[in-house]
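For reference, the chains in residue letters:
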Amino acid sequence: MWRKLKITLRMIRFEHTVFAVPFALIAVLLAEDGLPGRGELAWVLLAMVGARSAAMAFNRIADLGYDRANPRTRDRALPSGALSRGFAVGFTLMMSALFILSAGMLNRLCLYLSVPTLAILFLYSYTKRFTSLSHIVLGFAIGLSPLGAWLAVSGEFAIPPILLGSAVMLWIAGFDIIYACQDVDFDRRTRLFSMPSRWGTARALEVSSALHVGTVGLLIGTAWLSQSGPLAYAGIVAVAAILYWEHRIVGPDDLTRVDVAFFNMNGYVSLVLLAAFAADVLT
């Protein structure tokens with residue numbers, strides 16, 4: 001069981017939770033104008049882990065047939081047989097239950113919204129079958145995390161977490177487009193939809209750049225409405241520089257550093273921004 005769990009965590013890229021969790025923590029800091037109670041923070045983190053893990057495992061189950069056919073993904077845990085489909089289904093159900101339980105422990109509003117949120121997270125796995133806007137759907141699903149975290153500690157909607165969630169949506173969509181450039185030929189052959197397969201790599205990368213410009217604009221709007229100080233704005237400038245460099249190292253004719261852009265640099269984006277906003281709020 002322990003071996004299967006380790007394989008599952010590798011399958012869902014558990015370490016990539018770093019992409020979304022820092023934005024949820026930024027929302028918590030802004031909502032509280034400081035640190036929340038340990039109990040609240042623990043349930044927010046458990047909710048994030050449960051939701052993302054359930055969504056990633058479900059995605060691997062839904063895409064099993066495509067992963068078997070794609071040379072880039074056929075060595076993953078489910079296509080290779082390292083994990084059974086039944087085990088993945090059980091893990092998905094367990095993580096879904098963790099998310100719903102954590103949401104319920106936070107407040108009633110979060111509990112009511114937990115099941116619709118899971119539905120949105122699971123829906124993404126099928127969007128590539130019928131729309132090239134699947135990248136936006138993925139961004140929207142992950143962009144719910146700051147709004148959910150805000151609701152967890154404040155219990156009410158507000159504009160700053162909506163702007164922050166929108167920034168996450170554009171950021172995720174932008175780098176998911178970059179990642180999808182690796183599978184253009186496969187997507188066209190299997191009639192899967194993505195911006196690179198529909199419009200070509202060059203135009204898709206232009207869309208990705210525009211989305212990341214929008215990300216920076218929405219982050220500035222979040223900082224302004226939250227009355228943040230210079231440290232937060234410095235973090236946004238650093239994020240803009242990272243995103244600019246991300247687009248410098250990936251081009252239509254050179255996709256050799258997609259993994260660096262996708263896995264490394266986007267991790268820096270979220271961590272740098274969290275450090276900047278935390279320093280601004282707590283000092």
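Notes on the structure in this doc start here. (Residues numbered from 1 in each chain as written. Predicted model: local features only at pLDDT ≥ 70, side-chain atom pairs only at ≥ 80, totals over all residues. Heavy atoms only, no water.)

## What to know about the nonpolar core
In this structure, Phe-23, Ile-26, Trp-171, Leu-219, Ile-236, Leu-273 and Phe-277 are the most contacted members of the largest nonpolar core, which totals 52 residues. Ranked by the residues each element gives to this core, the list is headed by helix α2 (residues 21-32), at nine residues. Of all hydrophobic cores here, the second largest spans 24 residues; its members include Ala-54, Ala-55, Ala-77 and Leu-118. (Core = buried A, V, L, I, M, F, W, Y, C linked by side-chain atoms within 4.5 Å. Buried < 20%, exposed > 50% of the residue type's maximum accessible area, 1.4 Å probe, protein only. Helix = DSSP H or I, 4+ residues; strand = E, 2+ residues; numbered from the N terminus.)

## Some points on the packing of helix α6 (residues 85-106) against helix α7 (residues 108-127)
Two numbers describe how α6 lies on α7: the axes approach to 8 Å, and their chain directions differ by 150°. Comparing the axis directions of α6 and α7 gives the class roughly antiparallel. With respect to the hand of their crossing, α6 and α7 are arranged in right-handed fashion. Only Cys-110, Leu-111, Ser-114, Val-115, Thr-117, Leu-118 and Phe-122 of α7 make contact with α6, whose side of the interface consists of Thr-92, Ser-96, Phe-99, Ile-100, Ala-103, Gly-104 and Leu-106. Tallied by class, the residues present in the contact of α6 with α7 amount to nine nonpolar, five polar and no charged. (Axes fitted to C-alpha atoms, helices over the stretch in contact; angles between N-to-C directions. Parallel < 35°, antiparallel > 145°, perpendicular 65-115°, else oblique. Left-handed = near helix turned anticlockwise from the far one by under 90°. Contact = heavy atoms within 4.5 Å. Nonpolar A, V, L, I, M, F, W, Y, C, P; charged D, E, K, R; others polar.)

## Quick notes on the packing of α2 against helix α9 (residues 159-180)
Viewed as axis vectors pointing N to C, α2 and α9 meet at an angle of 165°, and their least axial separation amounts to 11 Å. By the angle between their axes, α2 is roughly antiparallel relative to α9. Considering only the axes of α2 and α9, their crossing is right-handed. Every residue of α9 that contacts α2 at Phe-23, Ile-26 and Ala-27 is listed here: Leu-164, Val-168 and Trp-171. Of the residues that constitute the contact of α2 with α9, the class distribution is six nonpolar, no polar and no charged.

## Quick word on α9
Taking 1.5 Å as the rise per residue, α9 with 22 residues should run 32 Å; its terminal C-alpha atoms sit 31 Å apart, in good agreement. Most of α9 is tucked away: 17 of the 22 residues are buried. (Expected span 1.5 Å × (residues − 1).)

## Topic: a nonpolar patch on the surface
Residues Leu-111, Tyr-112, Leu-113 and Phe-157 make up a contiguous nonpolar surface patch of roughly 390 Å² in combined accessible area. On the secondary structure map, Leu-111 appears in helix α7. Judged by relative accessible area, which is 34%, Leu-111 ranks as partly exposed. (Patch = residues over 30% accessible without salt bridge, like charges linked within 9 Å, V, L, I, M, F, W, Y side chains within 5 Å. Areas by Shrake-Rupley, 256 points an atom, 1.4 Å probe, with all protein chains shown as cover. Salt bridge = Lys/Arg side-chain N within 4 Å of Asp/Glu carboxyl O.)

## Some points on the pattern of salt bridges
Oppositely charged side chains can pair when the atoms bearing their charge come close. A complete count under the given rule lists five salt bridges for this structure. Residues Arg-76 and Asp-67 are paired through a salt bridge, measuring 3.6 Å at the closest nitrogen-oxygen approach. Arg-76 sits in the partly exposed class, given a relative accessible area of 23%. Looking at Asp-67, the relative accessible area reads 6%, which means it is buried. For Asp-187, the salt bridge is made with Lys-128, and the minimal N-O distance between the two is 3.2 Å. With Asp-187 in helix α10 (residues 184-190) and Lys-128 in the loop between α7 and α8 (134-154), this pair connects stretches of sequence that are 59 residues apart. With relative accessibility at 1%, the residue Asp-187 sits in the buried group. Owing to a relative accessible area of 23%, Lys-128 belongs among the partly exposed residues under this scheme. Taken together, the shared-partner salt bridges in this structure form one network comprising Arg-60, Asp-67 and Arg-76.

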